[in-house]
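So the chains spell out like this:
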Amino acid sequence: MNPIGRRTLLKKEIHRFLRVPGQTLAQPVVTTSLYFLVFGFALGGSVREIDGVSYIRFIVPGLIMLAIIQNAFLNTSSSMFMMKVQGTVVDLLVAPLGTADLLIAFITAAVCRGLLVGSIVWLVAAVFTGFSIAHLGWVLVFATLVGITFGLFGLALAIWSDKFEQLNLIPTFVITPLTFLGGVFYSVSMLPKPWSTLTLANPILYMVEGLRYGLLGTAGSPPLVGLIVTGGFAIAAFALTWWMLATGYKLRS
Amino acid sequence: MPAAVETEELTKRYPKVEALRGVSLRIEQGEIFALLGPNGAGKTTWISIVCGLTRASSGHARVLEHDVARAPLDARRQLGLVPQEINFDPFFTPREVLRFQLGYYGLPPDEARIDEVLFALTLADKADVNARELSGGMKRRLLIAKALVHRPRVVFLDEPTAGVDVTLRRELWAYVRTLRAGGTTIVLTTHYLEEAEELADRVAVIDHGRLISLDRPSALLASHGRRQVLFTLGAPIDRALPEKLAALGVTVDASGTQLTCPLRASDLSTVLAEVAALPAPIVDMRTEQPSLEQVFLTLTGGRA
């Protein structure tokens, strides 16, 4: 283990996304605020309440989760992929940084960005819906665990990808559809069969519902189920990424 | 004293090519060691294995007694690598990049050391500009700064002066000598044979993944190099060379105007007399001293 090396890489990764705040912080805030305005205010009028919660409050946890997922994922995937393209990944591969050092640094930075953008989205939403949080502990657990999971997936995808096209494959065809169909804008109970049953196979649903429980105190599925699903994905992503870094998959020939 | 770098029967097989075929080398501490070979000979593969970027198919590699496969972090702590391809991070300045580099090697921030390296590589006035704004030569110097800032005991320079102008090349050579004077071991690959001749204590020639020669430049020149004299004639020779000239090893090129004669001191007067006796006038004559280039071309069968 190399604590100074790990801290240095973490610092560098955080500097990297703070250096372009318009792209890494402001852009997701604008996007999620637009979702909030369009779905919450413009279209929310026709859906007054879901599970006893006003629609505008109902979509806030989903929007925050969307921001955490996208930002944690993008932080590791873009950083690692750019390092591969630019050749600077050699600096890390030749340095005395172990697998644990690399993972801890990359994932902590991804979680920081996810939580930072998630918090900003929450602050923007709270101006309209109020600043109350039902269970802060659950909020932190879900936000952090989802940040870790998607940070890990982002890293794994960037290590695997040889082209930009491959890098965009998973976010475009897997993560975005699953997120939009994962109960961000609606409750599963609103869907007809078989869609409501099919939606139960979407892991992101449990992450969104977990955060919803933390923020609003009510959700379509119990937080423990969400914790088990999210924890399972985090472990799978961790095992995959650890294996990639430890064996040098696509990094060391 | 343990070797700075030691490899034993190092091999690397890719699905379609065998890049290294059992290369055993021992590089002593404080040496400037040059690896020569045509493109694709296996030089970069060898360096990549020693630096941990590539895994060997078989054999061992050690850096100051640390096995690169069994104790990779201990081995990597000892070395610095200047890769062949220029790379830079457009987000950061040279000073920031060097700070990170120190940190990666587990060292605390050391602005004095960073300033020293920036100054030595004439990057001091560019220390705080974005790496994007550096010229090609500056980016290459930044690569060298990155490889040196943590004071590695062994430095690998993979084609360090490719595309670098003559002045900068000379400056880098001077800096390499300064490093060696401070006890650093330098391993370099180069296409500039002049570079190896000028700098290296020992030269290894690799071809087709095999070590084909290893010696001091002077010994290589003595064993494989040759002095020769080249004549340009005013008109082509339209018949076979006289027997005496053929016996001296003189050859004539396709145009019939260029004669090449391997030279031993005692032959010179005989050669001159015989060539002067030819019907065509001599319009030019020059002698060629033995060079590493000649040695290299002889050993690799003319592939450069």
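Look up a bit, the structure's there.
Please read all numbers here as calculations on a predicted model, not as lab measurements.

Asks: How would you summarise the overall build of chain B if you had to cite specific residues and measurements?
Replies: Along chain B, the regular secondary structure elements total 11 helices and 14 strands. Seen through its principal axes, chain B has C-alpha atoms that stretch 75 × 45 × 40 Å.

Asks: Provide a residue-level description of the packing of helix α3 (residues 55–86) of chain A against helix α6 (residues 136–160) of chain A, including the pertinent values.
Replies: The axes of two packed helices give the description: the angle between them and the distance between them. Residues and elements named next belong to chain A. Contact geometry of α3 with α6 gives a least axis separation of 7 Å together with a crossing angle of 30°. Viewed along their axes, α3 and α6 adopt a mutual orientation that is roughly parallel. By crossing handedness, the relation of α3 to α6 is classed as right-handed. Within the contact between the two elements, α3 uses Met65, Ile68, Ile69, Ala72, Phe73, Leu74, Asn75, Thr76, Ser77, Met80 and Phe81 and α6 uses Ala143, Val146, Gly147, Phe150, Gly151, Phe153, Gly154, Leu155, Leu157, Ala158 and Ile159. Considering only residue class, the contact of α3 with α6 consists of 16 nonpolar, 6 polar and no charged.

Asks: Give a description of unusual backbone geometry that names residues and reports values.
Replies: A cis geometry characterises the amide bond from Lys193(A) onward to Pro194(A), with omega recorded as 0°. Relative to the assigned elements, Pro194(A) resides in the loop between α7 (164–180) and α8 (195–199). If you check the backbone angles, Leu64(B) has positive phi at about 45° while not being a glycine. Note that Leu64(B) resides in the loop between β4 (58–63) and β5 (66–67). For Thr122(B), which is not a glycine, the phi torsion comes out positive at approximately 45°. Structurally, the position occupied by Thr122(B) is in the loop between α4 (111–120) and α5 (136–148). A tally of 14 C-beta atoms within 10 Å means that Thr122(B) is categorised as partly exposed.

Asks: Which residues make up helix α10 (residues 223–247) of chain A, and what values do they have?
Replies: All names here are of chain A. In a regular helix each residue adds 1.5 Å, so 25 residues correspond to 36 Å; α10 covers 36 Å between its end C-alpha atoms and thus fits that length. Taken together, the buried positions of α10 are occupied by Pro223, Gly226, Thr230, Phe233, Ala234, Ala237, Thr241 and Leu245. Elements that come into contact with the buried residues of α10 comprise α5 (99–129), α6 and α9 (203–216).

The rules behind the values
- Residues numbered from 1 in each chain as written.
- Chains lettered and ligands numbered in written order.
- Predicted model: local features only at pLDDT ≥ 70, side-chain atom pairs only at ≥ 80, totals over all residues.
- Helix = DSSP H or I, 4+ residues; strand = E, 2+ residues; numbered from the N terminus.
- Axes fitted to C-alpha atoms, helices over the stretch in contact; angles between N-to-C directions.
- Parallel < 35°, antiparallel > 145°, perpendicular 65-115°, else oblique.
- Left-handed = near helix turned anticlockwise from the far one by under 90°.
- Contact = placed C-beta atoms within 7 Å.
- Nonpolar A, V, L, I, M, F, W, Y, C, P; charged D, E, K, R; others polar.
- Buried ≥ 20, exposed ≤ 12 C-beta atoms within 10 Å, placed from the backbone.
- Expected span 1.5 Å × (residues − 1).

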